[in-house]
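# Descriptive analysis of the structure
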Amino acid sequence: MLKIDDISKTFFPGTVNERKALQDLSLELEESDFVTVIGSNGAGKSTLLNTISGRLPIDSGSIRIDGAEVSRMPEHRRAKYLGRVFQDPMAGTAPDLTIEQNLSLALKRGQSRGLGRGTTSARREHFKDELATLELGLENRLKTKVGLLSGGQRQALSLLMAGFTQPRILLLDEHTAALDPQRAALVTALTKKIVENDGLTTLMVTHNMEQAIALGNRLIMMHEGRIIYQATAEQKKDLTVETLLGEFSKLKGASLGDRALLN
């Protein structure tokens, strides 16, 4: 499904600000895998997602999705393979468009949009059915501009939109980090429901260790652009926050500040 071989990415190469964000990183996700990614700031987590999506080019290595080599494919062409939810609730939706207009755009992600009718009656009923699964009452607010929704509602809508077209890979980039605890719990529960119901192959970055343990069937820990720890589905059953902190503490040069960011 997703096969990453020895990818590297360096920012500002050859300057005093040179930073190796990814270093010969390899990772493989099978169909319906849900892999959570943890690591302190600067570990390369978001850079990994950005290279998969095509937002950032890689320096070397290869990325394949469904057997197709996408390493040199531009971001807009990779859109047909991917769904993504960002940390900022404002990033995944168009605030000046209505809920149904946002959903219409999501439905055509990666396709030629042309000049056809925007929303048909049948499509509107489909939107209502999908929105009803969020249990937020948004199915009765199709004409509401998304900019009027709360952060939690927008993030729930972004999550629904990202999975709308059954993407080959769903990328979640700390998508609950900007929400208060109650709304974060709601979006976390929705994530589990949507991913499991649709069998989506998912890669989720998070700073929350408890969330990383609770969701998904595999877990990886990154540090300085490398994967330094992996837990299989069987190992995750007995995994604890203390175990993960212990693994991080084994790293040479790992600071107490980095450890605190993981906790």
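So, how was this worked out
- Residues numbered from 1 in each chain as written.
- Predicted model: local features only at pLDDT ≥ 70, side-chain atom pairs only at ≥ 80, totals over all residues.
- Heavy atoms only, no water.
- Pairing = 2+ DSSP bridges.
- Helix = DSSP H or I, 4+ residues; strand = E, 2+ residues; numbered from the N terminus.
- Axes fitted to C-alpha atoms, helices over the stretch in contact; angles between N-to-C directions.
- Contact = heavy atoms within 4.5 Å.
- Buried < 20%, exposed > 50% of the residue type's maximum accessible area, 1.4 Å probe, protein only.
- pLDDT = per-residue confidence, 0-100.
- Arc of directions from axis to C-beta.
- Core = buried A, V, L, I, M, F, W, Y, C linked by side-chain atoms within 4.5 Å.

Let's shift gears to the sheet that holds strand E6 (residues 82–85). Overall, mixed pairing links the six strands, which are arranged E6-E7-E8-E3-E9-E10 in an open sheet. Strand pairing shows two members of the sheet lacking a second neighbour, E6 and strand E10 (226–231), which therefore form its edges. Strand-to-strand, the axes of this sheet are offset by a mean angle of 20°, without reference to chain direction. Inspection of the sheet shows strand E3 (residues 34–38) paired to strand E8 (residues 202–205) by four bridges, in the parallel sense. The residue bridging Val37 from the neighbouring strand is Val205, located in E8. Across the face of the sheet, helix H5 (residues 151–162) comes into contact with E6 and strand E7 (169–173) while running at roughly 170° to E6.

Positive phi outside glycine occurs at Phe12, with the angle close to 50°. Checked against the element boundaries, Phe12 lands in the loop between strand E1 (2–11) and strand E2 (19–29). Phe12 sits in the exposed class, given a relative accessible area of 55%. One non-glycine residue with positive phi stands out, namely Asp24, at about 45°.

On average, residues of the protein score 89 in pLDDT, and 92% of them are at 70 or above. Every residue in residues 113–117 is under pLDDT 50, and counting partners more than four places away or in other chains gives three contacts.

So, about the sheet that holds E1. Sheets are built from strands paired through backbone hydrogen bonds, the pairs being either parallel or antiparallel. Spatial strand order, E2-E1-E4-E5: four strands in an open sheet with antiparallel pairing. Looking at the sheet topology across the chains shown, the edges are occupied by E2 and strand E5 (68–69). Where E1 and E2 come together, seven bridges link them in antiparallel fashion. What sits directly across from Ile4, in E2, is Leu27. Set on the sheet, helix H1 (residues 45–53) makes contact with E1, E2 and strand E4 (60–65); between it and E1 the angle comes to about 115°.

To continue, consider helix H9 (residues 241–249). Restricting attention to buried positions, one finds in H9 the residues Val241, Leu244, Leu245 and Phe248. All buried residues of H9 project into a common sector of 100° when viewed along the axis, lining one side.

Core analysis: the largest hydrophobic core is formed by 30 residues, its most contacted members being Ile99, Leu103, Leu131, Leu134, Leu157 and Leu159. Where this core is concerned, the elements lending two or more residues are helix H3 (99–107), helix H4 (121–132), H5, E7 and helix H6 (181–198). When residues in this core are grouped by element, the largest group, six residues, is from H5. Those residues in contact with Leu157, other than ones at most four positions away along the chain, are Thr93, Ile99, Leu103, Leu131, Leu134, Val146 and Leu149.

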